[in-house]
Structures are given as structure tokens and as C-alpha cells.
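# Close look at the chain arrangement
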Amino acid sequence: MEIDLILDARASADELAELGVLAEELGFSGIWVSSLLDGRDPFANMSVLARATSRIAMGPIAVNPWDMHPVRISAGLHTLNELCEGRARIVIGGGGEALASLGLKPERRVRAVKECVEIIRTASLGKRFDYAGELYQASGYGLGWLESAAPRVFVGANMEQMLRMSGRVADGIMLSDLPVRLAEQATSTARSAAADAGRDPAELWFSSFTAWHVYPDERQARNEAKRWLLLRGLFRPWVLQEFLEQADIDLIMDNQAAFVSAFVAGSHVIENIPDGLADTLVDNLTLTATPESLHGLSEELARYKAAGLASISLRLYEEPAEAMRLLAAKVLPALA
């Protein structure tokens, strides 16, 4: 199983390039940058990285077809793909809750993502075409300047309808914050849909967005993980029931505002949530440890590999260069 790295969307182009060169030297397979409202534009921001490296794959996650039209997503992706000579890729998603701050209320998410994927993949052929979807249209669209191999187009999916659609039309799927058993179910669902559509299920690529919090100081690692719990797809009872009793699930769902407040304040203390419960969330929704306890995380990653994932995509936080060196020395060899 390969390891991709997810870097901070607020890093500068030069910082991304420096980290990407190191990642390439250490043997990682790819760099992802989130597309966030308060981050730099991911396509432009990876242009220096594209020129500074020669092997490593790169692309943005998860771009959505509401704050950017599929035709503009296609142009950005194919431009990045030209700059890195065919190493670009992308994850298309259904749009996060941040869209509400733009006054956007995404509807028919599965249909919208499907049409976005279809437009991008058809554009990769380099010929003009007309697209008449239910939500998006493009008349006479084409990119006659294309020369590089087509970029791979993945979908961010966890739920059944999005998984099945992705299995039918996308090159692969990036899951997010799922325990191993649910990840295995998701890969099975998507592969079944691919087979039903006459595609080879074995050609589908799977990864999972997973938070990596490993530092010499265990308290630093755990406190950082707790500060970011809000972004771990936390308020999904169908996930929480994998490892929590119903009373704890109810407590979490009743205190969603407390997780928001802790995140905004940059605090690891979540009001009304016992510290032990927060630790349980960290243990089941993140990869958190010290260098001395990495063996357990390597075993967890091996279980994801056995569940059918070709890659794990690790979100790095503080000290990303040190995290890369530790992963390269202690984890990459165990997954080879």
C-alpha cells in the first residue's frame, strides 16, 4: 500500500514545493492539497511543485461543482497536469458545510458530482463536445492543447449512493475517516457497482483521508488530535456506533456546538465531553501515537491494505517534514 500526504492548504507555493521534493526523495506516492475557502488556490499553488518534481503525483481535494463550475475545474486540472507532465489527479466531492457561508445549498449531490466527473473525463480526450446534463451543460467545450496523459479523476465518497455512482464513472474513490470495517464495506459497494456497469472492479483505486498525529510528546499528539476532531466526519451516528455505546453517541450529537467552539478556539478541551470519550474518538477516527508506539499504527494501516485500499492519504499537521521522515523510516517499509 502506498502513502500519500495531505499538506496544509495555507502553505505557500514554495513551501509546498520544498515539502514535495522531500516527499519524492523519501518515496511517497503523492501530494494532496485541500481546496478550502481560506486556503490558497490549489491549482495555482501546486505549479511550483509541478516543476520542482519529476515522479510524485499531485492534486487538490475535494473540489466541488458548486463554488467552481465543472468546466473551470477541468481547465485548472488539465493545466496542472500539463505543468507536471501527466502526474495530476483530483478528488471531486459533494461540497462541505462551508458552502453555507457562500449562501450555497447543494442539492442532488450525487448527480452533480457525476456530471462533473463526466465533463472532466470527456475533456481529457482533447476534442470539442457538447454536454447536456440535468444540472450542468457545456456547448462546444474542448481543450485542443492537451498533450499529456489524462489526469485521474476520483470522487470523495462514504455513503452508498455516492459510492455506487463512483464505481460506475470515476477512476477511484477517496474515503474519509472510516474505521477499517466500514472502509472494507465501502470498497465492496463500489466494486459491485463497477462490475454491474461492465467495468473491471480491480481497476478502481481506493484511498482514505486519515489524520496523522504523531509526536514525541504524547500529550501534544492527543491534544492536537482533539482540536481537529470536528473535521473527522464526527457527527455520523452510523460511524460512531462502530465503537461507542448509544448514550455516548447521543452525548456527542447533543453537543455538536461544543466541538465547533473547541475547533474555533484551537482548544483540545470540549465542553460537556469527558476527556476519556474524546480519547476514544481520537483512537478510532485518527492515527495518533508517539514514535515509540508506531507499531500499532502500522498494524492498523496493514488492516486498511487488507480491506482493499491501494493507498492511505495522511493529513499532516505541525512539523510535516519530520513527520515525513518518520513515516519513511518506520512505516513505509512495513507496508511494502
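Overview of the structure. Within any chain, residue numbers begin from 1 and follow the written order of that chain's sequence. Totals for whole chains, interfaces and linings use all residues, but because this is a predicted model, local features are given only for residues with pLDDT of at least 70 and pairs of side-chain atoms are given and counted only at 80 or more. Derived side-chain values reflect all non-hydrogen atoms in the structure, with water molecules and hydrogen atoms excluded from consideration.

Attention now goes to the overall build of the protein chain. By definition, any uninterrupted DSSP run of H or I lasting at least four residues is a helix, any uninterrupted run of E lasting at least two residues is a strand, and each is numbered from the N terminus. Across its full length, the protein chain holds 15 helices and 11 strands. Just to be clear, the radius of gyration here is over C-alpha atoms, and the globule rule we use is 2.2 Å times residues to the power 0.38. Expected size for 336 residues packed as a compact globule is a radius of gyration near 20 Å; at 20 Å, the protein chain falls within 12% of this value. Each residue gets one of three labels from its accessible area relative to the maximum for its type: buried under 20%, exposed over 50%, partly exposed in between, using a 1.4 Å probe on protein chains only. Counting all 336 residues of the protein chain, 53% fall into the buried class. Whether two residues touch is decided by their heavy atoms; if any such pair falls within 4.5 Å, the residues are in contact. Of the contacts formed within the protein chain by residues at least 6 apart in sequence, a portion of 75% connects residues at least 24 apart. The method behind every accessible area is Shrake-Rupley, applied with a 1.4 Å probe, and residues are considered shielded solely by the protein chains displayed. Here the protein chain displays about 14800 Å² of accessible surface, and carbon together with sulfur accounts for 49% of that area. His is not counted, nor are the chain ends, whereas Lys and Arg count as positive and Asp and Glu as negative. For this purpose, a charge sits on NZ of Lys, CZ of Arg, CG of Asp or CD of Glu. Here the protein chain contributes 32 positive and 45 negative side-chain charges, whose respective centroids are spaced 5 Å apart.

On to the environment of E25, then. Structurally, the position occupied by E25 is in helix α1 (residues 13-26). In sequence terms E25 and R55 are 30 residues apart; their C-alpha atoms lie 9.5 Å from each other.

Next up on the list: the packing of α1 against helix α14 (residues 320-330). To define axes, lines are fitted to C-alpha atoms, for helices over the stretch in contact only, and angles between the resulting N-to-C directions are given on a 0 to 180 degree scale. Direction vectors running N to C along α1 and α14 enclose 5°, while the axes themselves pass 10 Å from each other. By the angle between their axes, α1 is roughly parallel relative to α14. For the pair formed by α1 and α14, the contact residues are L19, L22, A23 and L26 on the first element and P320, A321, M324, R325 and A328 on the second. Gly is placed with the polar residues, together with every amino acid not listed as nonpolar (Ala, Val, Leu, Ile, Met, Phe, Trp, Tyr, Cys and Pro) or charged (Asp, Glu, Lys and Arg). Here the residues of the contact of α1 with α14 sort into eight nonpolar, no polar and one charged. Roughly parallel means an angle under 35 degrees; roughly antiparallel, over 145; roughly perpendicular, 65 to 115; everything else is oblique.

Turning to helix α12 (residues 275-285), its buried residues number three or more, namely L277, A278, D279, L281, V282 and L285. Buried positions along α12 lie against α8 (218-227), α9 (237-240), α10 (246-254), α11 (256-265) and β10 (287-289).

Salt bridge, as used here: a side-chain nitrogen of Lys or Arg that lies within 4 Å of a carboxyl oxygen of Asp or Glu. For the structure shown, the criterion picks out 18 salt bridges. Among the salt bridges present, the one from E160 reaches R164, with a minimum N-O distance of 3.1 Å. Here E160 pairs with R164, and both are found in helix α6 (residues 160-169), just four residues apart, close to one helical turn. Accessibility expressed as a relative area gives 27% for R164, which makes it partly exposed. A salt bridge links R232 to D177; the nearest nitrogen and oxygen atoms lie 2.9 Å apart. Of this pair, R232 sits in the loop between α8 and α9 while D177 is found in the loop between β8 (172-176) and α7 (180-196), placing the two residues 55 residues apart along the sequence. What makes R232 buried here is its relative accessible area of 3%. Given the relative accessible area of 6%, D177 is considered buried. Shared partners join several salt bridges into a network, and the residues in it are E218, R222, K226, D275, D279 and D283.

Centres within 6.5 Å make a pair out of two Phe, Tyr or Trp rings, where for Trp the six-membered ring is used; the pair is then stacked when the planes are under 30 degrees apart, edge-to-face when over 60, and tilted otherwise. For the structure on display, the rule yields seven aromatic pairs. With a centroid separation of 5.6 Å and an interplanar angle of 70°, the aromatic rings of F129 and Y141 are classed as edge-to-face. On the criterion of sequence distance, the pair formed by F129 in strand β5 (residues 129-132) and Y141 in strand β6 (residues 137-141) is long-range, its members being 12 residues apart. Looking at F129, the relative accessible area reads 12%, which means it is buried.

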